[in-house]
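Okay, here's what each chain looks like letter by letter:
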Amino acid sequence: MRTPRTGTGGIFGRIFATVFGLIFGSIGLMMMVLAVRDSLQRLETRHWVATPCEIVESGITEDGEQYRFNAVFTYSFDGRRRTERNFTHKGGLRKERIGDAQRLLARYPKGAGATCHVNPAAPDEALILRDLSLGGLVGPVLFTLPFVLFGYGLIFMVWRFNRPDQQADTTSSDAKPSRAAMAVPIIFGVVFIAVGLG
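Residues numbered from 1 in each chain as written. Predicted model: local features only at pLDDT ≥ 70, side-chain atom pairs only at ≥ 80, totals over all residues. Heavy atoms only, no water.

## Some thoughts on the pairing of strand S5 (residues 113-118)
As a general feature of sheets, a regular strand has side chains that alternate between the two faces. Just so we agree on the cut-off: Note on pairing: two strands pair once DSSP finds at least 2 bridges between them. Helix numbers and strand numbers start at the N terminus; a helix is a DSSP run of H or I with at least 4 residues, a strand a run of E with at least 2.
Across 6 bridges, the pairing between strand S1 (residues 49-63) and S5 is antiparallel. Looking at S5, one finds that Glu54 is bridged to Gly113. As judged from the 2 bridges shared by S5 and strand S6 (residues 126-127), these two strands associate in the antiparallel manner. Residue His117 lies in a different strand from S6, and its bridge partner there is Leu127.

## Brief notes about the layout of surface pockets
For clarity, the cut-off: As defined here, a cavity is a set of points on a 1 Å grid over the protein atoms alone where a 1.4 Å probe fits but cannot get out. A pocket is an open set with protein on both sides within 12 Å along at least five of seven lines, and residues line them when an atom is within 4 Å of a point. Grid points are joined across faces, edges and corners, and a volume is the space filled by probe spheres set on the points. For this classification, Asp, Glu, Lys and Arg are treated as charged, while Ala, Val, Leu, Ile, Met, Phe, Trp, Tyr, Cys and Pro are nonpolar and the rest, including Gly, are polar.
One number sums up the size of the largest pocket: a volume of about 420 Å³. Around the largest pocket, the lining is made up of 13 residues, and of these Arg42, Lys90, Leu93, Arg94 and Asp131 lie nearest the centre. In terms of residue count, the dominant contributor to the lining of the largest pocket is strand S4 (residues 93-95) (3 residues). Looking at the lining of the largest pocket, its residues break down into 2 nonpolar, 4 polar and 7 charged.

## Quick look at the pattern of salt bridges
If charged atoms from side chains of opposite charge come close, those side chains can pair. The following threshold applies: When a carboxyl oxygen of Asp or Glu is within 4 Å of a side-chain nitrogen of Lys or Arg, the pair counts as a salt bridge. Remark: exposure states derive from per-residue accessible area (1.4 Å probe, protein chains only) relative to the maximum for the residue type, with buried under 20%, exposed over 50%, and partly exposed in between.
Counted by the stated rule, this structure contains 7 salt bridges. Among the salt bridges present, the one from Glu54 reaches Arg81, with a minimum N-O distance of 4.0 Å. Placement of the pair is Glu54 in strand S1 and Arg81 in strand S3 (residues 80-84), with a sequence separation of 27 residues. Under the relative-accessibility criterion, Glu54 is labelled partly exposed at 35%. Judged by relative accessible area, which is 53%, Arg81 ranks as exposed. The partner of Arg68 in a salt bridge is Asp63, and the shortest N-O contact between them spans 3.0 Å. The partly exposed category is assigned to Asp63, whose relative accessible area is 26%. Residues participating in the shared-partner salt-bridge network are Asp63, Arg68 and Arg94.

## What about the side chain of Thr88?
Convention followed: Working rule for contacts: check all heavy atoms of both residues, and any pair within 4.5 Å makes them a contact.
Among the structural elements, Thr88 can be located in the loop between S3 and S4. Discounting residues that sit within four places of it in the chain, Thr88 has contacts with Leu93, Leu127 and Leu129.

## Examining the environment of Gly99
Relative to the assigned elements, Gly99 resides in helix H2 (residues 98-107). The spacing of Gly99 and Tyr67 is 32 residues in sequence and 9.5 Å in space, taken between C-alpha atoms.

## A closer look at the nonpolar core
Condition: Note on terminology: a nonpolar core comprises buried Ala, Val, Leu, Ile, Met, Phe, Trp, Tyr and Cys residues joined through side-chain atoms within 4.5 Å.
If you look at the biggest cluster of nonpolar residues, it comprises 17 residues, and the most contacted ones within it are Cys53, Phe73, Tyr75, Phe87, Tyr108, Cys116 and Ile128. Those elements that place two or more of their residues in this core are S1, strand S2 (66-77) and S5. Sorting elements by how many residues they give to this core places S2 first, with 5 residues. Core analysis: the second largest hydrophobic core is formed by 7 residues, Phe24, Phe147, Phe150 and Leu154 among them.

## Details of H2
Test applied: The directions considered for the arc are those from the helix axis to the C-beta atoms.
The set of residues buried in H2 consists of Asp100, Ala101 and Leu104. One face of H2 carries all of its buried residues, which in axial projection span an arc of 100°. Opposite the buried face of H2, by more than 90 degrees, sit the exposed residues Arg103 and Ala106. Turning to H2, the residues buried within the fold contact S1, S2 and S4.

## Some details on the pairing of S3
Both S2 and S3 contribute to a ladder of 5 bridges, which runs antiparallel. Bridge assignment links Phe77 to a residue of S3, and that residue is Arg80. Taking the residues that link successive antiparallel strands as the turn, the S2-S3 hairpin has 2 residues, and the phi of Asp78 there is positive, at about 60°.

## Some points on the confidence of the model for the chain
What counts here: Think of pLDDT as the predictor's per-residue confidence, scored from 0 to 100.
When pLDDT is averaged across the chain, the result is 79; 75% of the residues are at 70 or more. For residues 170-175, every residue scores under 50 in pLDDT, and the model assigns this stretch 11 contacts once sequence neighbours within four places are set aside.

So this is what it looks like as structure tokens:
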């Protein structure tokens, strides 16, 4: 009579999948937290006061493989003349193509008038361009969701459908890695290829 084995390969497979899922899911969760914080910062600007302003300086700088449009503008609020450098809530506006940045430069040249949005609670804080679109607010959060679901979902699947008590009735095939462990590299590659192509 053959003595049941615990399936060492399956155990190591589950441990590997758990560690991988924890790392992958935690990275996704961190990305999601940053995306949510960015969306909340965007939402805060919806109550800022629209105020006339004047561009006193504008230009384009290289930012890695992108181009950043920067602008300095002045405005009056609460009886004081103020100066701000944040074109968006993140500072300058990045563009992948130089032509797009040049169009912004043509639209906001030195001496041009524009409308900025001033934070009434902190009048020294203002910006010109707000992105309150649904895609800008929700898109980055939805992008990170698959990473979180995949990472933590992998841990759930491994321990829910590959429990140790199910190993007691297995035969010599227990020495082989579990299906979940074999699937991890494949899914890992597919996910990162998809992200790289996107």
